[in-house]
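Observations on the three-dimensional arrangement
As a plain string of letters, each chain reads:
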Amino acid sequence: LSNAMLKIFDALSNDAISFLQTHPVVSEVGVQDRPCATQAQVEVWEVRNKPFKLPDDYKAFLAISDGVTVRWSLRLKTESKPFGMMHINPLEKVNLLHCPEHENGIHPLPDAGSATADRKVAAFDLDAECVQGRVAFLYRPGRRQEVNAAGTLEPWERRPEVWFQAARRD
């Protein structure tokens, strides 16, 4: 990883990488980036997952790197033990999360007779490496529209939230 790319990832992560690299008990900080995603790949994703659109900040990240993984270890006396990881899937793995109750993974809203019956809730996997649960873009109607950087209103289908769902412990 080049120093320039490391600085970009550090800025995107609020200096988390620098913090890890300078922490006295952290060792073996590794950053694995990928070549950027193309505009064509983004367009294919959005056509395949219509009506859902990727948020602009995520598209900007994809223009730098199509996913990233940061791993680090802790130094304990004379040993170094793997300890932590931050991961963002490459675009090809930002897939619809399926739910057993809904075969296609897209959840219809309970008010099927309303004027918004075509609106659905869906989640797309952002971190296939997470063993503690799922990190996802969650698209859900009912959120108020907001003005984007271009000064236009963004509908809910374009403004997902990032959600974490803890793994079930049976």
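Everything here concerns the structure above.
Residues numbered from 1 in each chain as written. Predicted model: local features only at pLDDT ≥ 70, side-chain atom pairs only at ≥ 80, totals over all residues. Heavy atoms only, no water.

A word on the pattern of salt bridges. Taken as a whole and assessed by the stated rule, the structure comprises 2 salt bridges. Across the pair Glu 46 and Lys 59 runs a salt bridge whose closest N-O atoms are separated by 3.1 Å. Placement of the pair is Glu 46 in helix α3 (residues 39–48) and Lys 59 in helix α4 (residues 56–62), with a sequence separation of 13 residues. Here Glu 46 and Lys 59 have matching classes, each one buried. Put simply, Glu 79 and Lys 81 hold a salt bridge, and the shortest N to O gap is 3.4 Å. Residue classification places Lys 81 among the partly exposed positions, given a relative accessible area of 39%. (Salt bridge = Lys/Arg side-chain N within 4 Å of Asp/Glu carboxyl O. Helix = DSSP H or I, 4+ residues; strand = E, 2+ residues; numbered from the N terminus. Buried < 20%, exposed > 50% of the residue type's maximum accessible area, 1.4 Å probe, protein only.)

Before going further, it helps to examine α3. Residues of α3 that are buried include every one of Val 42, Trp 45 and Glu 46, and no others. Buried residues of α3, viewed axially, fall in a sector of 95°; they line one side. Exposed side chains of α3 directed beyond 90 degrees from the buried face belong to Val 47 and Arg 48. The elements touched by buried residues of α3 are α4, β5 (120–125) and β6 (133–139). (Arc of directions from axis to C-beta. Contact = heavy atoms within 4.5 Å.)

Here Asn 49 shows up in the loop between α3 and α4. You can call Asn 49 buried: its relative accessible area is 11%. Only 2.8 Å separates the side chain of Asn 49 from the backbone oxygen of Trp 45, close enough to count as a polar contact. (Polar contact = N/O pair within 3.5 Å; in protein donor to acceptor, adjacent residues only side chain to side chain.)

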